[in-house]
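One-letter residues, chain by chain:
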Amino acid sequence: MAERKVRSLEELGISSTILKKLQELGITTVEALAAANAQELSQNLAVPLPTVQKIISQARSVLGLGFRTALEIKKERLNLPKITTSSKNLDALLGGGIEVKTITELFGEFGSGKTQLCHQLAVNVQLPPEKGGLSKKAVYMDSEGTFRWERIESMARALGLDPDQVMENIYYNRVVNSDHQMAVVEELKDLIPKENIGLIIVDSITGHFRAEYPGRENLTLRQQKLNRHLHQLMSLAELYDVAIIVTNQVMARPDVFYGDPTVAIGGHVLYHAPGIRVQLKKSRGNRRIARIVDAPHLPESEAVFAITEAGIRDPE
Ligand code: GTP
Ligand code: MG
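Let us look at the structure shown here. Per-chain numbering applies: the sequence of each chain, read as written, is numbered from 1 onward. Lettering for chains starts from A, numbering for ligands starts from 1, and both go in the order in which the items are written. Given that the model is predicted, a residue must reach a pLDDT of at least 70 before its local features are reported, and side-chain atom pairs must reach 80 or more before they are shown or counted; all residues, however, enter totals for whole chains, interfaces and linings. Calculation of side-chain values draws on the structure's entire complement of heavy atoms; hydrogens and water are dropped beforehand.

**Observations regarding the layout of surface pockets**
Roughly 860 Å³ of volume is contained in the largest pocket. Residues are called lining when one of their atoms sits within 4 Å of a cavity or pocket point, these points coming from a 1 Å grid over the protein atoms alone, where a cavity is a set in which a 1.4 Å probe fits but cannot get out and a pocket is an open set with protein on both sides within 12 Å along at least five of seven lines. Considering the residues around the largest pocket, the lining is formed by 26 residues, among which A35, A36, N37, E186 and K189 are closest to the centre. Counting residues per element, the lining of the largest pocket draws most heavily on helix α12 (residues 219–240), which supplies seven residues. Side-chain classes follow a simple rule in which Ala, Val, Leu, Ile, Met, Phe, Trp, Tyr, Cys and Pro form the nonpolar group, Asp, Glu, Lys and Arg form the charged group, and the remainder, Gly included, forms the polar group. Looking at the lining of the largest pocket, its residues break down into 12 nonpolar, six polar and eight charged. Grid points are joined across faces, edges and corners, and a volume is the space filled by probe spheres set on the points. Think of it this way: any DSSP run of H or I at least four residues long counts as a helix, any run of E at least two long counts as a strand, and we number them from the N terminus.

Below, the structure is given as structure tokens:
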């Protein structure tokens, strides 16, 4: 896929008055305009709705968000860049690696390797394409306080990269509650193009939502808010060609005797959203098992990887 540069609004031929107002609202790229809501924008700009609808649809067509043929879609999907996990087994399971324009959910019990894999990907996205990266930077949204720069340092060193350089290319944010988490995603509309971000990590996506909306009685409210959050993330993935990783801790259910005891309590986050769900399970020692759940285009199989000093690797 040809790399798409973030486009400036000037090329749409919008009048300078409106351009200035858009800039005041923080809408400075074609991508941001394409994602805007016409009603809201019309009010905020004090510009008639039809005019606003016109410039938004111009922005969308510049970005190819109008009609395309199914064949074009197929070609695009097949050529999406991928980020290596540093495990050949895991890459093969994922059809080459973590895909851009997609939300990948890593779910599994505590210690199953979700956070370790996030650290590895924050490093690997920076690799050049011939080594399995995108030559881009990462955003790390940490809701649990489990990010460790020391881990990034050793993973970078193990790949022969300059650790300080790698750490400088990871934009870290310790998100303190679900509203903060959603506000940070809003800010990414500016940060992604400005800093050449290729990967966004939300570790974990569910923690704050579960704590703030506990119990069955709050389930609907929680799910609604979480859906809005996922929708935010999906539109970032689509508009800016970034990869998105979200993690979700699920508890093993000792009461399940048959079948899989690691049932996602509270449900998979991506249950109703398009994306790839990867279940991680603990195995012997430093080995972990990954399995793709409900992805029609990927084989229903498992991959074994290891968490080593150097990071995620194939087992010895
Ligand atoms: P929760 O966030 O609690 O749900 O777990 P998680 O799925 O995020 O697990 P995480 O990725 O934190 O995996 C933890 C495991 O990774 C530990 O049990 C260790 O086996 C391994 N690990 C973590 N840090 C290191 C390290 O610095 N070196 C090595 N060799 N292994 C590590
Ligand atoms: Mg974790």
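**Overview of unusual backbone geometry**
The step from D203 to S204 runs through a cis peptide bond, and the omega angle for that step is -5 degrees. On the secondary structure map, S204 appears in the loop between β6 (197–203) and α11 (207–212). A positive phi angle is found at S86, which is not glycine, with a value near 75 degrees. Assignment of secondary structure puts S86 in the loop between β1 (82–83) and α6 (88–93). One non-glycine residue with positive phi stands out, namely N196, at about 55 degrees. With respect to the helices, strands and loops of the structure, N196 is situated in the loop between α10 (178–195) and β6.

**Re helix α4 (residues 49–62)**
Expected span of a helix, by definition, is 1.5 Å for each gap between consecutive residues, and there is one gap fewer than residues. A rise of 1.5 Å per residue sets the reference length of α4, with its 14 residues, at 20 Å; its end C-alpha atoms lie 20 Å apart and thus fit the reference within 8%. Here's how the labels work: a residue is buried when its accessible area is under 20% of the maximum for its type, exposed when over 50%, partly exposed in between, all with a 1.4 Å probe on protein chains only. Among the residues of α4, those classed as buried are V52, I55, I56 and A59. Along the axis of α4, the buried positions cluster into a sector of 100 degrees, meaning they face one direction only. Opposite the packed face of α4, turned more than 90 degrees from it, sit the exposed residues P50, K54 and S61. Whether two residues touch is decided by their heavy atoms; if any such pair falls within 4.5 Å, the residues are in contact. Its buried side turned inward, α4 meets α1 (16–24), α2 (30–34) and α3 (38–45). Two residues or fewer past α4, G64 is found with a positive phi of approximately 70 degrees. Picture the helix axis, draw a direction to every C-beta atom, and the arc is the one those directions span.

**Some thoughts on helix α8 (residues 149–158)**
When we look at burial in α8, the residues that qualify are R151, I152, M155 and A156. Buried positions in α8, seen along its axis, are confined to an arc of 130 degrees and lie on one side of it. One or two steps after α8, the chain reaches G160, where phi turns positive at roughly 75 degrees.

**A look at the packing of helix α7 (residues 114–124) against α8**
At their nearest, the axes of α7 and α8 sit 9 Å apart, and the two run at 55 degrees to each other. The orientation of α7 with respect to α8, classified from their angle, is oblique. Regarding α7 and α8, the two cross each other, and that crossing is right-handed. In contact with Q116, H119, Q120, A122 and V123 of α7, α8 contributes R151, I152, M155 and A156. Here the contact of α7 with α8 is composed, by residue class, of five nonpolar, three polar and one charged. The angle between two axes is taken between their N-to-C directions and runs from 0 to 180 degrees, where each axis is a line fitted to C-alpha atoms and a helix contributes only its stretch in contact. What sets the label is the angle itself: under 35 degrees gives roughly parallel, over 145 gives roughly antiparallel, 65 to 115 gives roughly perpendicular, and the rest give oblique. In this scheme the crossing of two helices becomes right-handed for a clockwise turn of the near helix relative to the far one and left-handed for an anticlockwise turn of less than a right angle.

**Considering the pattern of salt bridges**
Only one rule defines a salt bridge in this text: a Lys or Arg side-chain nitrogen within 4 Å of an Asp or Glu carboxyl oxygen. Going through the model one piece at a time under the given rule, you end up with eight salt bridges. The partner of E99 in a salt bridge is R77, and the shortest N-O contact between them spans 2.9 Å. With E99 in strand β2 (residues 98–99) and R77 in helix α5 (residues 70–78), the pair connects residues that are 22 residues apart, well separated along the chain. Classification of R77 as partly exposed rests on a relative accessible area of 33%.

Keep in mind these values describe shape, not function.
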